Every structure is written in structure tokens, then in C-alpha cells.
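Read off the chains here:
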Amino acid sequence: MVSKKHISITVNGEVKETEVEPRMLLAHFLREVAGLTGTHIGCDTTNCGACTVIMDGKAVKSCTILAVQANGKKILTIEGLSKGREKLHPVQQSFVDKHGLQCGYCTSGMILTSYWLLKNRKNVTEEEIRAAISGNLCRCTGYDNIVESIKDASKKMEEEGDPIEEHPEIKVRA
Amino acid sequence: MNPPIFEYFAPTGIDEVIDILAKYPGEAKILAGGQSLIPLLKSRISSIPYLVSLSEVKGLSYVDEGKEGVRIGAMTVDSDLENSELIRKRFPLLHDATGQLADPLVRNVGTIGGNLSHADPANDLPAVMIALDARFAVRGRNGSREINARDFFLDTFTTAMEPEEVLTEVTIPFWGKKSGGAYVKFKKNTWNFSVAAVAVQLELEGNKCTRAHIATTSVSPKSGRMESAENILVGKALTDEVINKAASEVAASAQPTTDPYGTEEYKREILRRITREAIRKALSRAGVN
């Protein structure tokens, strides 16, 4: 019998402490233990990026990180982007306004990768946007609207700021 | 799919890591970033009873400039190399490669030490380190030893490290004043390995090439130098004719095989073209037009 490991992960500002099997993936931890099903699993081969979350300020594939590896780290999921507020986060709103989604399966990953990009780069070019989302697959192939959404989000973030900044308990350094 | 069951250790000291590796010879393996290993476990291609994570060992992530070269900690993630101004300036060849490695999300987690220790000839960094003449510090039960990149990769997924040894640091020596390098990678889409890629590093005196290192990715069972092609360049002014000859020699002496990425013939032609491009780019970076 393999011994379980005690882990403590801060998810969207809340500390989640539990015992897990070492082989549990972070994506499964978020969905099944934390109950946050906005993080999707779209492949089993580290290709699609539907499971993207922000870990200690960096966009990562949560299906390719063990929950035990995330011990002590701060995670931001799609639920954290507008947590505790009535309005959507500017990046989410841009995806609505510019029709940046069709079936919606890849959307949470796309939005979190975009958020990570926009936190690190101002005045992003289309080339930078396309490079940044090269690890996120949209199987509806609606990339043009996704790129338009991210351009729009870049403007919105400039104008409105990042509402997460006002919630230090959610904020992860980026 | 879940990985198969394993025991997990995350010690805080490197000696403890080595002790655990020594306790389960052949059954324990290092977990660095996990961007190659975890997919292998999930697809059940590999099963490893004991995983030893380096995540809790402090002080393995750094890029430092020394007198003779740049030292890089084994747990430095690919995106930190990609964003390093020092690497961009001193080793454009490595900068080229880190910007094209897998995708941005994988680069945020994957490490230089993991990329090299995995010894996959389709990984980019083995060829890059061989071309740059890097040295690897490897730690085991009897302390540290150094292995040259060119002696490190023995075969596909096989390195010169003992089972209880850990790669801790990569040192890339500075090249001469008039030197430059480039990495040219040909891949059909982000999530696949390359059809072929080539790393070129050159040193010149006047217009004459005095030192040339060429290594390839994805077109041989292990990464190694293409010496017959290097010999065509050394001692000569690098005219188009010389460059074309060396590029053809790389294409001829590589060992590509026909697979879903393309036929052997196709890969040799790609390799010839990207080698020509890489040599020209390296030359212009060395200040020769």
C-alpha cells in the first residue's frame, strides 16, 4: 500500500489541506477534491491546454503536474478570476464580447493563458498572442475570434486594471 | 488516465535524494519538472515504483555569469532561460532553442536538467549543449564529477550517469570574441516533436572559420557531433559553396528513419535546408555577412 501524502494548496485564496495519493494529478485535485470543475481535461497527452491554471504566477498544464508537486503553492483557476464580484473579469468579458468561444471546452484554459500573457506584456502584438496560446488547442478552430478577444482584453486590462489586484487573498504573483 | 501507483519522496537535501536513489537501484527515478516523465506515466508507457522529486531542494534554479562561462542550475525552467537577457546575449543558439521548445505552458514547468537527463534525441537541449561544448556537473555518492555534453548521451533515453547520480549544474563556456550560433527547428505544429532541428556554433578569425560544432535533433538514435560536416567548415572562409557542402554532408551523415513525421529522404532534404540556414545565421551573428 502506497502511503498518502499530506498537502496544502492555496486555491483562489482558500487553503485546501488534505491527504492524497502521490499519483493524483493537480487537475483531478482541483476538480474532485476542491470541487472546481471549471478546469477541464481535454486530452491525456499534455497537448491541449484545456487544464491550464496559474501556479505561482505562471500558466501551467494542471494535468501534467502532480498534486503533491503543487504542495505549498498558490493556484488560480477560472473560478478565481471573478470570485466574490458580480462582474466578470475583463478577460472573461472580452471573450463574451468578441465571441471568443464556440463549444466552450477550451475556454477556461484559453482565458487563463491570456491572463498570464497580459499580466506580463503590455501592448501585445498579434504574433505574441498567437505564440502565447500555441499550447492551447481550440478544436472548433475558432482561433481568429480568440485572438480578437485577447486583443480586446489587453485594452480592457489597460483601461480597467486587474480586479484581482484588489483581492490580495486571490492574487498570485505574475 | 492516472499514472500507475508509485511512492513519492520530496527530500530537502541533494544527499538525501542520492540516498533514496541508491536504496532502490533501477527502480527509483528523479522527478524534475515532469513535462516528459508525467506524460509517459499517464500513458502507461513507463512505470516507476519510486519517484524522487527535486522540487523541495533549494538552490537548483539560477543562471549565473562566471569568468569562463555561464552556470545554470538543473532545476531552472525553460521559460527562465528563454527570458534571460544573459543567455540571449551570450548564447543566441540556446535562446533560439528555448523559445521553440514544446509550448509556453510546458516551458513554464519543464527544466533544463530534466530535458537533458531524459536523453531523448528528439528533445532540443541535448544537441544545443553538445554544440556549445557544455559540461554537466553530476553528483553521486562519492561527490561531484563533470561529464562533457558530447560524452553524456550514450543512446536513446540513456546517459553516462549512474542510477544514483543526479545532474545538478550545466556550465556553458564562453566562446571567442568572433563567435555565434543558431538553432533552426522544423516542426509541423506546436504539439509534435520536430521533423528535424540543427544546432550550429561557430568561431572565426578574420573570415576564416577556426572552430565549428554541429549537432542534430530528431534524426539519430542519440545526439552527437557531425564531425565530417564540421571538418568541411574549419580552416575555410565560409562561402556559399562551403556552406552548401557542409549542409549536404550533415544531411548525408545523419540517420533519419521513415516514420509518421516523414520519409527518410524528406528528412534529409529538410536537414540540408535548415543546416544551411543555421550556418548562415550563426555566421551573421558572429559578425560576418
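Residues numbered from 1 in each chain as written. Chains lettered and ligands numbered in written order. Predicted model: local features only at pLDDT ≥ 70, side-chain atom pairs only at ≥ 80, totals over all residues.

With that settled, consider the nonpolar core. Nonpolar side chains in soluble globular proteins tend to be buried together. Counting residues in hydrophobic clusters, the biggest one holds 143 residues, and the most contacted among them are Ala67 of chain A together with Leu93, Val128, Ala131, Val198, Val200 and Val250 of chain B. Residue contacts for Leu93 of chain B: discarding those within four places in its chain leaves Val128, Ala131, Leu132, Gly181, Ala182, Tyr183, Ala199 and Gln201 of chain B. (Core = buried A, V, L, I, M, F, W, Y, C linked by C-beta atoms within 7 Å. Buried ≥ 20, exposed ≤ 12 C-beta atoms within 10 Å, placed from the backbone. Contact = placed C-beta atoms within 7 Å.)

This part is about the domain arrangement of chain B. All names here are of chain B. In terms of domains, chain B is made up of domain 1 (7-53), domain 2 (63-173) and domain 3 (179-285). Taking the mean C-alpha position of each, domain 2 and domain 3 sit 20 Å from one another. Elements with a minimum of two residues in the side of domain 2 that touches domain 3: helix H5 (92-100), helix H8 (125-132) and strand S8 (153-155). The biggest single contributor to the side of domain 2 that touches domain 3 is H8, with six residues. For the side of domain 2 that touches domain 3, the per-class residue count stands at 14 nonpolar, two polar and six charged. (Domains from an automatic or database assignment. Helix = DSSP H or I, 4+ residues; strand = E, 2+ residues; numbered from the N terminus. Nonpolar A, V, L, I, M, F, W, Y, C, P; charged D, E, K, R; others polar.)

Glancing now at the sheet that holds strand S6 (residues 135-140) of chain B. Residues and elements named next belong to chain B. The sheet built from five strands is open, its strands ordered S4-S5-S10-S6-S7 with antiparallel pairing. The open sheet has two edge strands with one neighbour each: strand S4 (63-65) and strand S7 (143-148). Geometrically, the sheet is characterised by an average inter-axis angle of 25 degrees between neighbouring strands, direction not taken into account. In this sheet, strand S5 (residues 69-73) lies alongside S4 in antiparallel orientation, the contact comprising three bridges. Of the residues in S5, the one forming a bridge with Val63 is Ile72. Its contacts with the sheet put helix H1 (residues 14-23) on S6 and strand S10 (166-173), and the angle it makes with S10 is roughly 125 degrees. (Pairing = 2+ DSSP bridges. Axes fitted to C-alpha atoms, helices over the stretch in contact; angles between N-to-C directions.)

In this section: the sheet that holds strand S3 (residues 50-53) of chain B. All names here are of chain B. Reading across from one edge, S1-S3-S2 is the order of the three strands in this open sheet, with parallel pairing throughout. Looking at the sheet topology across the chains shown, the edges are occupied by strand S1 (7-9) and strand S2 (28-31). Taken pair by pair, the neighbouring strands of this sheet meet at an average axis angle of 25 degrees, ignoring direction. Pairing between S2 and S3: four bridges, direction parallel. The residue bridging Lys29 from the neighbouring strand is Leu51, located in S3. Running over the sheet, H1 touches S1, S2 and S3 and is turned about 170 degrees from S3.

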